[in-house]
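Spelled out, the chains give:
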Amino acid sequence: MDPQEFFALFAAERRPDPYPAYREWRERFPVARLSEQMFAVSGFAEATQVLRDPAFGHPEPEYLDPADRLPDQPVDESGRVVRAFLSLNPPDHTRLRRLVAKAFTPRMVERLTPRIEELTASLIDGAGESFDVMTSLAKPLPVEVIAELLGVPLDDRERFAEWSHAMARALDPSFLQHPDTIEPAVKARQSFVAYFRELAEQRRGSPGDDLLSALVAVSDAGDVLSEGELLVTLTLLLIAGHETTTNLIGNGVLALLRHGGVVAADPERVVEEVLRYDSPVQLTARTALRDTELGTVAVPAGSQVIVLIGAANRDPATGPETFDPSRAPGRHLAFGQGIHFCLGAPLARLEGRIAFGELARRLPGLKLAGDPTWNATTTLRGLATLPVVSGK
Ligand code: HEM
């Protein structure tokens with residue numbers, strides 16, 4: 001097979017609606033062998049298998065010569081680059097995820113509800129007659145929430161949003177990546193690590209009632225997060241939790257406005273249908289950790305497998321091509337599956353529920369005021385602009 005045919009699925013002109021091409025691809029190749037050691041799965045069953053099966057994971061960490069590593073990249077005592085648990089296999093993944101989950105609890109998320117409601121209401125009320133949903137609501141809300149959750153001082157939040165954006169732009173797999181995104185992302189990561197190192201030091205001395213202080217102090221049967229683990233975990237939480245939620249809100253408002261308006265059914269159902277219909281995370285990847293199979297296709301150890309979440313979520317096994325916000329929630333892969341299932345799903349769902357609920361309550365007559373534009377990223381699918389009129 002010519003891998004170019006696969007890459008063409010992500011061409012710029014398809015950005016407004018890649019789904020007809022995904023559908024055609026999925027019907028022809030639920031499992032595709034793109035080259036000797038590169039596969040792509042787009043069927044729901046096959047994608048679920050890759051995410052759940054321990055035969056697929058992440059490449060084992062390479063040991064870098066400390067002299068070769070990037071400045072400020074955290075390393076452990078043996079010079080090993082410290083990676084966030086999103087890209088680790090058990091047992092390291094299990095240990096770190098358990099520690100972080102002890103600090104980042106559903107109770108902590110639930111406690112944020114009144115603050116998220118207040119923030120959302122003030123952003124919507126301050127938006128004016130005609131506005132851009134991305135600038136006025138979808139971008140500021142998640143960054144404020146995660147900054148507040150972590151306990152980042154107000155004055156630093158603008159810098160914080162900039163770094164986070166630069167890092168999110170570089171998440172695409174290498175075959176889709178624009179070379180211009182790499183250097184700003186590396187710089188942003190360094191800035192984050194330096195910033196969090198200082199903030200963690202402060203919280204160690206005088207802990208607050210925030211997630212950063214909880215992560216500094218967390219321990220599990222005598223086990224704690226090392227300095228490097230803490231720093232990469234903080235960076236992961238920030239990136240994983242920020243642009244993804246922005247895109248849930250943006251993609252959701254667009255889908256609602258194109259299908260009858262924001263006054264829809266129960267906001268909880270809206271969130272699940274948006275996640276399925278226009279997934280904020282479109283792709284992820286795994287490596288075959290041993291020789292294995294996908295259905296009847298043999299996959300040699302070391303192969304890379306791209307999981308097309310956006311295509312799998314419209315497999316008829318999951319749900320149709322159409323958007324119906326009153327649909328009873330079904331299965332989808334928008335938060336992944338298995339051991340790496342999104343740790344922030346309760347927070348993302350809460351923010352989405354409040355954003356869609358408050359828009360319906362405050363601006364029931366909201367309407368599109370022009371064509372939206374899309375970001376140039378593929379892994380994270382979302383809008384750059386979404387012009388609307390409030391209809392007040
Ligand atoms: C993992 C999606 C919001 C933190 C994941 C994965 C997906 C995902 C697909 C699995 C990736 C894989 O298996 O390769 C989303 C979406 C969100 C969202 C669509 C918003 C709509 C958040 C938030 C946070 C967060 C708000 C935290 C503040 C994480 C973390 C992981 C993760 C820590 C890694 C879990 C692990 O490796 O065990 N997310 N996410 N996410 N997400 Fe989210």
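Above this text sits the structure in question.
For every chain, the first residue of the written sequence is number 1, and numbering continues from 1 along that sequence. Thresholds applied to this predicted model are a pLDDT of at least 70 for local features of residues and 80 or more for the giving and counting of side-chain atom pairs; totals over whole chains, interfaces and linings are not thresholded and use all residues.

A. Spatial organisation of the site of the ligand. Residues are classed as near a molecule or strand if the C-beta position derived from their backbone is within 6 Å of it. With respect to spatial proximity, 24 residues lie near the ligand, and among them G241, T244, G336, C342 and G344 are the closest. Secondary structure follows DSSP: runs of H or I at least 4 residues long count as helices, runs of E at least 2 residues long count as strands, and numbering of each begins at the N terminus. Of all the elements in the fold, those that place two or more residues in the shell around the ligand are α12 (227–258) and α15 (345–362). Looking at the shell around the ligand, the element that brings in the most residues is α12, giving seven residues. Under the scheme applied here, ten amino acids are nonpolar (Ala, Val, Leu, Ile, Met, Phe, Trp, Tyr, Cys and Pro), four are charged (Asp, Glu, Lys and Arg), and all others, including Gly, are polar. For the shell around the ligand, the residue count by class is 16 nonpolar, seven polar and one charged.

B. Structural detail: the sheet that holds strand β14 (residues 387–389). Read from one edge of the open sheet, three strands run β4-β14-β11, paired in antiparallel fashion. The outermost strands of the open sheet, each flanked by one partner alone, are β4 (130–132) and β11 (367–368). Two strands are said to pair when DSSP picks up at least two bridges between them. Judged from the three bridges that link them, β4 and β14 form a sheet pairing that is antiparallel. Paired with S130 across the strands is V389, a residue of β14.

C. Quick peek at the pairing of strand β1 (residues 31–35). Pairing analysis gives four bridges linking β1 to strand β2 (residues 38–41), with the strands arranged antiparallel. Looking across to β2, one finds that A32 is bridged to A40. A loop of two residues connects β1 with β2, the two strands running antiparallel in sequence.

D. Geometry of the nonpolar core. Working definition: the nonpolar core is a set of buried Ala, Val, Leu, Ile, Met, Phe, Trp, Tyr and Cys residues, joined through C-beta atoms within 7 Å. The exposure label follows from counting other C-beta atoms within 10 Å of a residue's C-beta, where the C-beta atoms are placed from the backbone and the thresholds are 20 or more for buried and 12 or fewer for exposed, leaving partly exposed in between. By size, the foremost hydrophobic cluster in this structure holds 104 residues, and its most contacted members are F39, V41, A47, V305, V307, L308 and I309. Sort the elements by how many residues they give to this core and α12 lands first, with twelve residues.

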